[in-house]
Amino acid sequence: MGSAASIADDGALKVSNLFEKIDMDCNQSLSKYELRRLCEMNPDAPAVAFLNELIGADEDGNISLEEWKAAFEKELAKGEAETVAVFDSCDQLATVLWDERTADVFSQMDLDNNGGISKSELTRLCITVGYKNAKVVLDGMFDMFDADSDGQITKTEWKAMFDKELSICVANGTGTLAWFEELVTLWKWTKTTNLVGL
């Protein structure tokens, strides 16, 4: 990241982006589980003390985006170097977590394990789960993801689209991506269902 000035200049956007990356269940709040997951990834990271402080101070079990921003504002008051180290550390941990999550969702959607998601795979999942507007949603969504129009969404295309949409969502202040929540719902369903025969 570089400096506390950059946190102050465009900090709200960066802090919001970080929040979205960590919000694994897309419920627009950070649970103690989600924060602990970051701490477990690298217990020696500079962010761990900051995250543990948030976990300890939280009364209702969830950190809202406003509470998250306030915690960073409080951290900024401690000093520029410390804030940059904490933010950079949180961002590195969150990026790994975000990459793991998007890769896991991709793996669950790739029913034939060929390294790509076809429109038929995505359609079968949506119809099986009971999405009534599956065709309309899928046509638009598939075309967005399949950047090279080869009929397969590769892991690279999948991640690039998630990263792009996350940035747009945060920049527009629109909150959690609704379509990502839908995919997480599908992902959770695929983890608990035998997909053989779909």
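Above this note sits the structure.
Residues numbered from 1 in each chain as written. Predicted model: local features only at pLDDT ≥ 70, side-chain atom pairs only at ≥ 80, totals over all residues. Heavy atoms only, no water.

1. Notes on the overall build of the protein
Along the protein, the regular secondary structure elements total 9 helices and 4 strands. In sequence order, the secondary structure elements of the protein are arranged as α-β-α-α-β-α-α-β-α-α-β-α-α. Out of the 198 residues belonging to the protein, those deemed buried represent 43%. Across the protein, every contact between residues at least 6 apart in sequence was considered, and the portion connecting residues at least 24 apart equals 65%. Here the protein displays about 9900 Å² of accessible surface, and carbon together with sulfur accounts for 53% of that area. (Helix = DSSP H or I, 4+ residues; strand = E, 2+ residues; numbered from the N terminus. Buried < 20%, exposed > 50% of the residue type's maximum accessible area, 1.4 Å probe, protein only. Contact = heavy atoms within 4.5 Å. Areas by Shrake-Rupley, 256 points an atom, 1.4 Å probe, with all protein chains shown as cover.)

2. Here we look at the packing of helix H2 (residues 32-41) against helix H3 (residues 47-57)
Two numbers describe how H2 lies on H3: the axes approach to 9 Å, and their chain directions differ by 160 degrees. Between H2 and H3, the interaxial angle falls into the category roughly antiparallel. For the element pair H2 and H3, the recorded crossing hand is left-handed. Counted together, Lys32, Leu35, Arg36, Leu38 and Cys39 of H2 and Val48, Leu51, Asn52, Leu54 and Ile55 of H3 form the full contact between these two elements. Its residues assigned to classes, the contact of H2 with H3 comprises 7 nonpolar, 1 polar and 2 charged. (Axes fitted to C-alpha atoms, helices over the stretch in contact; angles between N-to-C directions. Parallel < 35°, antiparallel > 145°, perpendicular 65-115°, else oblique. Left-handed = near helix turned anticlockwise from the far one by under 90°. Nonpolar A, V, L, I, M, F, W, Y, C, P; charged D, E, K, R; others polar.)

3. Remarks on the packing of aromatic side chains
Under the definition given, this model contains 7 aromatic pairs. Taken together, a centroid distance of 5.2 Å and an interplanar angle of 75 degrees make the contact between tryptophan 68 and phenylalanine 72 edge-to-face. Residue tryptophan 68 and its partner phenylalanine 72 are located together in helix H4 (residues 65-78), separated by 4 residues, close to a single helical turn. Here tryptophan 68 and phenylalanine 72 have matching classes, each one buried. (Phe/Tyr/Trp six-rings, centres within 6.5 Å; stacked < 30°, edge-to-face > 60°.)

4. With respect to the packing of H3 against H4
The geometry of H3 relative to H4 is characterised by a closest axis approach of 12 Å and an angle of 130 degrees between their N-to-C directions. Relative to H4, the element H3 is oriented oblique. Regarding H3 and H4, the two cross each other, and that crossing is right-handed. Contacts between H3 and H4 pair Phe50, Leu51, Glu53 and Leu54 from the former with Trp68, Ala71, Phe72, Lys74, Glu75 and Lys78 from the latter. Classifying every residue of the contact of H3 with H4 gives 6 nonpolar, no polar and 4 charged.

5. As for H2
Given 3.6 residues per helical turn, the α-helix brings residues three or four places apart onto the same face. For H2, the full list of buried residues reads Glu34, Leu35, Leu38 and Cys39. Burial along H2 is one-sided: seen end-on, the buried residues are contained in an arc of 145 degrees. Every exposed residue of H2 that faces more than 90 degrees away from the buried side is listed here: Tyr33 and Glu40. (Arc of directions from axis to C-beta.)

6. So, the side chain of serine 89
With respect to the secondary-structure elements, serine 89 resides in helix H5 (residues 80-109). For serine 89, a relative accessible area of 4% puts it in the buried group. There is a polar contact of 3.1 Å between the side chain of serine 89 and the backbone nitrogen of alanine 47. Sequence-distant contacts of serine 89, that is, excluding residues within four places in its chain, are made with Ala45, Pro46 and Ala47. (Polar contact = N/O pair within 3.5 Å; in protein donor to acceptor, adjacent residues only side chain to side chain.)

7. Description of a negative patch on the surface
Negative charge collects at one region of the surface, where Glu59, Asp60, Glu66 and Glu67 lie side by side. Position of aspartate 60 relative to the elements: it lies in the loop between H3 and strand E2 (62-63). (Patch = residues over 30% accessible without salt bridge, like charges linked within 9 Å, V, L, I, M, F, W, Y side chains within 5 Å. Salt bridge = Lys/Arg side-chain N within 4 Å of Asp/Glu carboxyl O. Lys, Arg positive; Asp, Glu negative; His and termini not counted. Charge placed at Lys NZ, Arg CZ, Asp CG, Glu CD.)

Nothing here speaks to function; it is geometry throughout.
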